Amino acid sequence: LQERIDGIPASIVFAAAGGRAVPLGVSHQLIGDPEFGGSGFRYCGSILANPDVLFESGAALIERARAIVDVVTREYGLIGVNGIDFIARDDLPFPIEVNPRWCSSMELVERAHERSVFAIHARACDQSVLPGDDLVGAVPRDVVTGKAIVYARSSVMIGDTRGWLGDSDIRDVPHPGERIPRGAPICTVFAGASDVAACRAALTMRAREIYACLERWRQEAA
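Residues numbered from 1 in each chain as written. Predicted model: local features only at pLDDT ≥ 70, side-chain atom pairs only at ≥ 80, totals over all residues. Heavy atoms only, no water.

Undergrad: Which residues make up the nonpolar core, and what values do they have?
TA: Ranked by size, the top nonpolar core spans 48 residues in total, and within it I186 and I210 carry the most contacts. Residue assignment for this core shows that the elements contributing at least two residues are β1 (8-17), β2 (20-31), β3 (43-48), α2 (58-76), β4 (80-89), β6 (144-151), β10 (185-193) and α7 (196-221). Once residues lying within four places of it in the same chain are set aside, the contact partners of I210 are V150, W164, I170, I186, C187 and V189. Residues V13, A17, L130 and V139 belong to the second largest nonpolar core, which totals 18 residues. (Core = buried A, V, L, I, M, F, W, Y, C linked by side-chain atoms within 4.5 Å. Buried < 20%, exposed > 50% of the residue type's maximum accessible area, 1.4 Å probe, protein only. Helix = DSSP H or I, 4+ residues; strand = E, 2+ residues; numbered from the N terminus. Contact = heavy atoms within 4.5 Å.)

Undergrad: Can you break down the pattern of salt bridges residue by residue, with the values?
TA: If you walk through the whole model with that rule in mind, you get ten salt bridges. Notably, a salt bridge pairs E107 with K147, separated by 2.5 Å at the nearest N-O pair. Taken together, the residues E107 in helix α3 (residues 106-113) and K147 in strand β6 connect sequence positions 40 residues apart. Under the relative-accessibility criterion, E107 is labelled partly exposed at 25%. We classify K147 as buried; its relative accessible area is 5%. Residues E209 and R206 are paired through a salt bridge, measuring 2.9 Å at the closest nitrogen-oxygen approach. (Salt bridge = Lys/Arg side-chain N within 4 Å of Asp/Glu carboxyl O.)

Undergrad: Can you break down the packing of aromatic side chains residue by residue, with the values?
TA: Enumeration according to the criterion identifies one aromatic pair in this entry. In this structure, R42 is placed above the aromatic ring of Y151, and the distance from its NZ or CZ to the ring centre is 4.2 Å. If you follow R111 out to its NZ or CZ, it ends over the ring of F190, 3.9 Å from the centre. (Phe/Tyr/Trp six-rings, centres within 6.5 Å; stacked < 30°, edge-to-face > 60°. Lys NZ or Arg CZ within 6 Å of the ring centre and 35° of its normal.)

Undergrad: Tell me what's going on with the side chain of Q29, and back it up with residues and numbers.
TA: On the secondary structure map, Q29 appears in strand β2. Engagement of the side chain of Q29 in a polar contact is seen with the side chain of D85, the distance being 3.1 Å. Filtering out sequence-adjacent residues up to four positions away, Q29 remains in contact with P9, A10, S11, Y43, G45, S46 and D85. (Polar contact = N/O pair within 3.5 Å; in protein donor to acceptor, adjacent residues only side chain to side chain.)

Undergrad: Break down the environment of C187 for me, with residues and values.
TA: Structurally, the position occupied by C187 is in strand β10. As for C187 and A152, which are separated by 35 residues in sequence, their C-alpha atoms are 9.4 Å apart. Aside from chain neighbours lying at most four places away, what touches C187 is A148, I149, V150, W164, I170, R171, D172, P174 and I210.

Undergrad: Run through the pairing of strand β5 (residues 92-99), naming residues and quoting values.
TA: Here β4 runs beside β5; their pairing, made up of seven bridges, is antiparallel. Each residue of the ladder has a partner; that of I84, found in β5, is V98. (Pairing = 2+ DSSP bridges.)

Undergrad: An account of unusual backbone geometry is requested, with residue identities and associated values reported.
TA: With a phi close to 60 degrees, D90 is a non-glycine residue in the positive phi region. Following the sequence through the fold, D90 ends up in the loop between β4 and β5. Residue D90 is classed as exposed on the basis of its relative accessible area, which comes to 64%. One non-glycine residue with positive phi stands out, namely E114, at about 55 degrees. Within the secondary structure, E114 sits in the loop between α3 and α4 (117-127).

Treat this as a map of the structure, not an account of what it does.
Given below as structure tokens:
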């Protein structure tokens, strides 16, 4: 059983090898957000930024999160890219899950730094080589990037999505004619902004565009 803890759902992703770990990014998780068709504890996306932008006690919080990363890496012999989900309350991170695998926020690390996380993973696994720079602190304070998973609010029939394929901010594009049941993911949208609120607003706008497209297809099929 997990204790209910008030705070901000967050995640830290990192590369590990030889008992050492290098953090790659810190993100605020979007959980159960109805703007994206989510509810309860369902994961709806992430917003990645400099820790000082995401959290009031950014420096102290991330220092403790790094300590957790170091302990978990040594204790379990982690290799390659990994992630730890936690609840941020004031300057304390309460870990709730260790993900010894590729994590959802890692593509935001790639967008923020224009670096291949898979290449980092491969070097860590094959040569035990880790990045030498601090990617967490390297994110400028005015660079915020986010993603949101858009879930179906009702069962839908997908129309012509060929136009989505050319949009770099829409991924996981469904096939035309595909039936998606209520509650299942439709696609993933991305946005960037100079602050967290603007990034979240941009993600919400992209999700509304997706829902408007679904409604148009529904009316055309009626």
